[in-house]
Amino acid sequence: MNHNDYMKIALDELHAGVKSGLNPVGSIIVRHKDGEIIGRGRNLVPIHNDPTAHAEMVAIRQACDHSGIPKLTDCTLYTTLEPCPMCCWAILTAGIEQLVLGARLSVIKKVNYGDYTVENLVAMTNANITITTGIQEEECARLRSAWELR
């Protein structure tokens, strides 16, 4: 499978969340050695009354539980929306090797993060992570923007 195939699966998580009335973000974590999806997440903040239950955090927790260790160094995280600073920090702390993004916060005109981008946070930390952007970007942005306008 390729980036587009995996992002479609992250979009499936987004759609499942939207059907439940949740914020439209979907994430998955894929282990490199076998291509297995070991974590899936959608924004569960209102369900768990947990402000840290963002899609990326949920996927990281599930992947760590699956692997039995707190490091995901042989993994890629796919997410439909650029991770917020909290989620990006968790991605870096987990040692995820690659981050693949759909829509950018700037594309959906999310302005409450100022000049933040994942690249800015990565540069501040000197973390070793590959960032790939623009995968299914139009679809990810369209779904998020439609939700924002409801």
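Everything discussed here concerns the structure shown above.
Reading the values: rules and limits
- Residues numbered from 1 in each chain as written.
- Predicted model: local features only at pLDDT ≥ 70, side-chain atom pairs only at ≥ 80, totals over all residues.
- Heavy atoms only, no water.
- Disulfide = S-S within 2.5 Å.
- Pairing = 2+ DSSP bridges.
- Helix = DSSP H or I, 4+ residues; strand = E, 2+ residues; numbered from the N terminus.
- Axes fitted to C-alpha atoms, helices over the stretch in contact; angles between N-to-C directions.
- Contact = heavy atoms within 4.5 Å.
- Core = buried A, V, L, I, M, F, W, Y, C linked by side-chain atoms within 4.5 Å.
- Buried < 20%, exposed > 50% of the residue type's maximum accessible area, 1.4 Å probe, protein only.

Engineer: Would you mind going over the state of the cysteines with me for this structure?
Structural biologist: A covalent bond between the sulfur atoms of two cysteines is what we call a disulfide. Under the counting rule described, the total for this entry stands at 0 disulfides. The structure places no disulfide on C88, whose sulfur is separated from the nearest cysteine sulfur, that of C84, by 8.6 Å.

Engineer: Sorry if this is basic, but what is going on with the sheet that holds strand β5 (residues 130-132) here?
Structural biologist: Two orientations exist for strands paired in a sheet by backbone hydrogen bonds: parallel and antiparallel. Across the sheet, 5 strands lie side by side as β2-β1-β3-β4-β5; this open sheet has mixed pairing. Edge positions in the sheet fall to β2 (37-42) and β5, since each of these pairs with one other strand and no more. Averaged over all pairs of adjacent strands, the angle between their axes in this sheet comes to 15°, without regard to strand direction. Pairing of strand β1 (residues 26-31) with strand β3 (residues 75-81) involves 5 bridges; the strand directions are antiparallel. Looking at β3, one finds that I28 is bridged to Y78. Packed onto the sheet, helix α3 (residues 55-67) meets β1, β2 and β3 and runs at close to 150° relative to β2.

Engineer: Teacher, can you tell me more about the nonpolar core here?
Structural biologist: Core analysis: the largest hydrophobic core is formed by 45 residues, its most contacted members being I29, I60, L72, Y78 and I96. Contributions of two or more residues to this core are made by α1 (3-19), β1, α3, β3, α4 (85-93), β4 (98-103), α5 (118-125) and α6 (137-148). Once residues within four sequence positions are removed from consideration, I29 is found in contact with E36, I37, I38, G39, A59, I60, A63, L72, C75, T76, L77 and I96.

Engineer: Where do I start with the pairing of β2 in this structure?
Structural biologist: Every regular strand shows the same layout, with side chains that alternate between the two sheet faces. Sheet topology note: the β1/β2 ladder contains 5 bridges and is antiparallel. Bridged to I28 within β2 is R40.

Engineer: Where do I start with unusual backbone geometry in this structure?
Structural biologist: A negative phi angle is the norm for most residues apart from glycine, just as the trans form is the norm for most peptide bonds. Notably, N126 is not glycine yet its phi reads approximately 55°, a positive angle. Mapped onto the fold, N126 is located in the loop between α5 and β5. A relative accessible area of 71% means that N126 is categorised as exposed. Look at Q136: it is not a glycine, yet its phi comes out positive at around 55°. Note on placement: Q136 falls in the loop between β5 and α6.

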